[in-house]
Amino acid sequence: MKAFLRSAHSLALATLLLAPLARAEVNVVEKVAPNVYFHEGDIGRHGHCNNGWIVFNDYVLIIDANFPSGAQVVLPKIKALTDKPIRFAFDTHHHGDHAYGNQVMHEAGATIVGHSGVLAEMKKYETNLFGGGKPGRWEDAAKGRKDVAASKLRPPSLLFEKQLTFDDGTHRVELLHLGVAHTYGDGWAWLPKERIVFTGDACVNGPYNYIGDGNIHEWIKTLDKVIALKPLKVCPAHGPSGGPEVLANQQLYFKSLLAEVKKLKDAGKTAAEVQAASDTIKEALRKNEKIAHYIGQFINAQVEKAWTEMGGAAFPAKKQAQVEPVRLKAAQLLVVSDNSLPSR
Ligand SMILES: [Zn+2]
């Protein structure tokens, strides 16, 4: 367990361990359209993200590389469906549960693709591989996860700025960067013919919104651009797939969070008072059934992020959830447990 808790998304995992959700669909291949597949990863036990893949005429494009062990879960399932070579793996962003499996994907034959921000943020956060001189998140994760320790970090080498398109006449996948959201390098995979979008962590379906590397105000605007594509099917990076309501609810959660924090800002509250109001905000958000399932372990950090983005000072007394998550130990996470998650 400690192994997982060193990763950037460890808080989400801890939430699940504390309050397991009904997840019958985990680790099952879902065919969302002809030659288009979605696979919900086992975040609760292994920290895995969801994957998608598209079988083109000549090759397979995989969405997200997962952790190394997650890549090893999905690769045999893909190979069971097609003998086409796995030629590309797309990192929706730089976090470990989406990109640390790059080496495994590479060994399976894939070139790693990502927005240029994925490479930039790997350099900033993930590792001393680039000569930064000090260990980063990858080294931390490798101390606790055998799959990470047995692999190595492989950055994306096929980079795009705004769009990279795969189109063989039958299938078309547009990898899009639409602005800052969960990170500064988020990419979306948009299938205009089928109107399917694979979102990465820029849209999740459950209590998984880690906001430490992004910007909530920008995130809402970026979601507007994805909603404007009018997808019929939304495949998030954590939690089950759904329809366009998944994007709408994700955005509504952030809008509601900002509205609650702004009320306090407008009332002239101090950082300490806003911090003390986190539970009240949580209860206000929970009243809306469309967004209640987004409330979890990250709530205090989300309130502080919303507040500081509005110009407020950092919270005076840090709760553990507001410390950089990669540095947290399991016991610290458990102190701030949230047992009031709704069951689905
Ligand atoms: Zn992430």
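This one's a predicted model, so the numbers in the text were calculated from it and none came from an experiment. (Residues numbered from 1 in each chain as written. Predicted model: local features only at pLDDT ≥ 70, side-chain atom pairs only at ≥ 80, totals over all residues.)

**Q** Tell me about the overall build of the protein chain, residues and numbers included.
**A** When helices and strands are counted, the protein chain shows 14 helices and 12 strands. Residues counted as buried form 52% of the 344 residues belonging to the protein chain. Of the contacts made within the protein chain by residues no fewer than 6 positions apart, 69% connect residues no fewer than 24 positions apart. (Helix = DSSP H or I, 4+ residues; strand = E, 2+ residues; numbered from the N terminus. Buried ≥ 20, exposed ≤ 12 C-beta atoms within 10 Å, placed from the backbone. Contact = placed C-beta atoms within 7 Å.)

**Q** Mind laying out the pairing of strand 9 (residues 172-176), listing which residues take part and the relevant values?
**A** Pairing geometry for strand 8 (residues 163-167) and strand 9, over 5 bridges, is antiparallel. What sits directly across from Phe166, in strand 9, is Val173. Hairpin connection of strand 8 to strand 9: 4 residues between the antiparallel strands, including Gly169 at a positive phi of 90 degrees. In terms of strand pairing, strand 9 meets strand 10 (residues 188-191) through 3 bridges, oriented antiparallel. Along strand 10, the bridge assignment pairs Leu176 with Trp188. (Pairing = 2+ DSSP bridges.)

**Q** So, the sheet that holds strand 7 (residues 158-160): which residues are in play, and what are the values?
**A** Across the sheet, 7 strands lie side by side as 1-2-3-4-5-6-7; this open sheet has mixed pairing. Two strands in the sheet have a free side with no partner beyond their single neighbour: strand 1 (29-33) and strand 7. Geometrically, the sheet is characterised by an average inter-axis angle of 25 degrees between neighbouring strands, direction not taken into account. Summarising the sheet, strand 4 (residues 60-63) and strand 5 (residues 86-90) pair through 4 bridges and their orientation is parallel. Bridge pairing in strand 5 links Leu61 to Phe88. Most of the contacts of helix 6 (residues 116-126) go to strand 6 (residues 111-115), to which it runs at about 95 degrees, and overall it touches strand 6 and strand 7. (Axes fitted to C-alpha atoms, helices over the stretch in contact; angles between N-to-C directions.)

**Q** Before we move on, can you summarise the sheet that holds strand 12 (residues 233-235) with the specific residues and values?
**A** Pairing is mixed in the open sheet, where 5 strands are placed in the order 8-9-10-11-12. Of all strands in the sheet, those bounded by a partner on one side alone are strand 8 and strand 12. Each strand of the sheet is rotated relative to its neighbour by a mean of 15 degrees, with strand direction disregarded.

**Q** So what's going on with the environment of Ile63? Residues and values would help.
**A** Along the polypeptide, Ile63 turns up in strand 4. Owing to 31 C-beta atoms within 10 Å, Ile63 belongs among the buried residues under this scheme. Sequence spacing of Ile63 and Ala89 is 26 residues, and the spatial spacing of their C-alpha atoms is 5.9 Å. Discounting residues that sit within four places of it in the chain, Ile63 has contacts with Asn51, Gly52, Trp53, Phe90, Thr92, Ala189 and Phe198.

**Q** Can you tell me about helix 12 (residues 278-286), naming the residues and giving the values?
**A** The complete set of buried residues in helix 12 reads Ser278, Ile281, Lys282 and Leu285. Down the axis of helix 12, the smallest arc covering the buried residues is 100 degrees, so these residues share one side. Seen from the buried face of helix 12, the exposed residues on the opposite side, beyond 90 degrees, are Thr280 and Glu283. Buried-residue contacts for helix 12 involve helix 10 (245-266), helix 11 (271-276) and helix 13 (299-309). (Arc of directions from axis to C-beta.)

**Q** I'd like a description of the packing of helix 10 against helix 13, backed by residues and values.
**A** Between helix 10 and helix 13, the least distance of the axes is 9 Å, while the angle of their chain directions is 65 degrees. Compared by their axis directions, helix 10 and helix 13 come out roughly perpendicular. Relative to helix 13, the crossing made by helix 10 is right-handed. Each of Leu257, Leu258 and Val261 in helix 10 lies in contact with helix 13, whose residues at this interface are Gln302, Val303, Ala306 and Trp307. The residue makeup of the contact of helix 10 with helix 13, split by class, is 6 nonpolar, 1 polar and no charged. (Parallel < 35°, antiparallel > 145°, perpendicular 65-115°, else oblique. Left-handed = near helix turned anticlockwise from the far one by under 90°. Nonpolar A, V, L, I, M, F, W, Y, C, P; charged D, E, K, R; others polar.)

**Q** Provide a residue-level description of the confidence of the model for the protein chain, including the pertinent values.
**A** For the protein chain, per-residue confidence averages 87 on the pLDDT scale, and residues scoring 70 or more make up 84% of the total. The low-confidence segment residues 1-23 (pLDDT under 50) makes 73 contacts with residues lying over four places distant or belonging to another chain. (pLDDT = per-residue confidence, 0-100.)

**Q** So what's going on with the environment of Pro85? Residues and values would help.
**A** As for its placement among the helices and strands, Pro85 is situated in the loop between helix 3 (68-81) and strand 5. Residue classification places Pro85 among the exposed residues on the basis of 12 C-beta atoms within 10 Å. Put simply, Pro85 and Leu61 are 24 residues apart on the chain and 9.2 Å apart in space, counted from C-alpha to C-alpha.

**Q** Talk me through the pairing of strand 10; I want residue IDs and the actual numbers.
**A** Along strand 10, one buried face is formed by Trp188 and Trp190 and the opposite face, lined by Ala189 and Leu191, is buried too. Of the pairings in the sheet, the one linking strand 10 to strand 11 (residues 196-198) comprises 3 bridges and is antiparallel in character. Looking at the pairing, Ala189 lines up with Phe198 of strand 11. The turn joining strand 10 and strand 11, which pair antiparallel and follow one another in sequence, is formed by 4 residues; a positive phi near 55 degrees is taken by Arg195.

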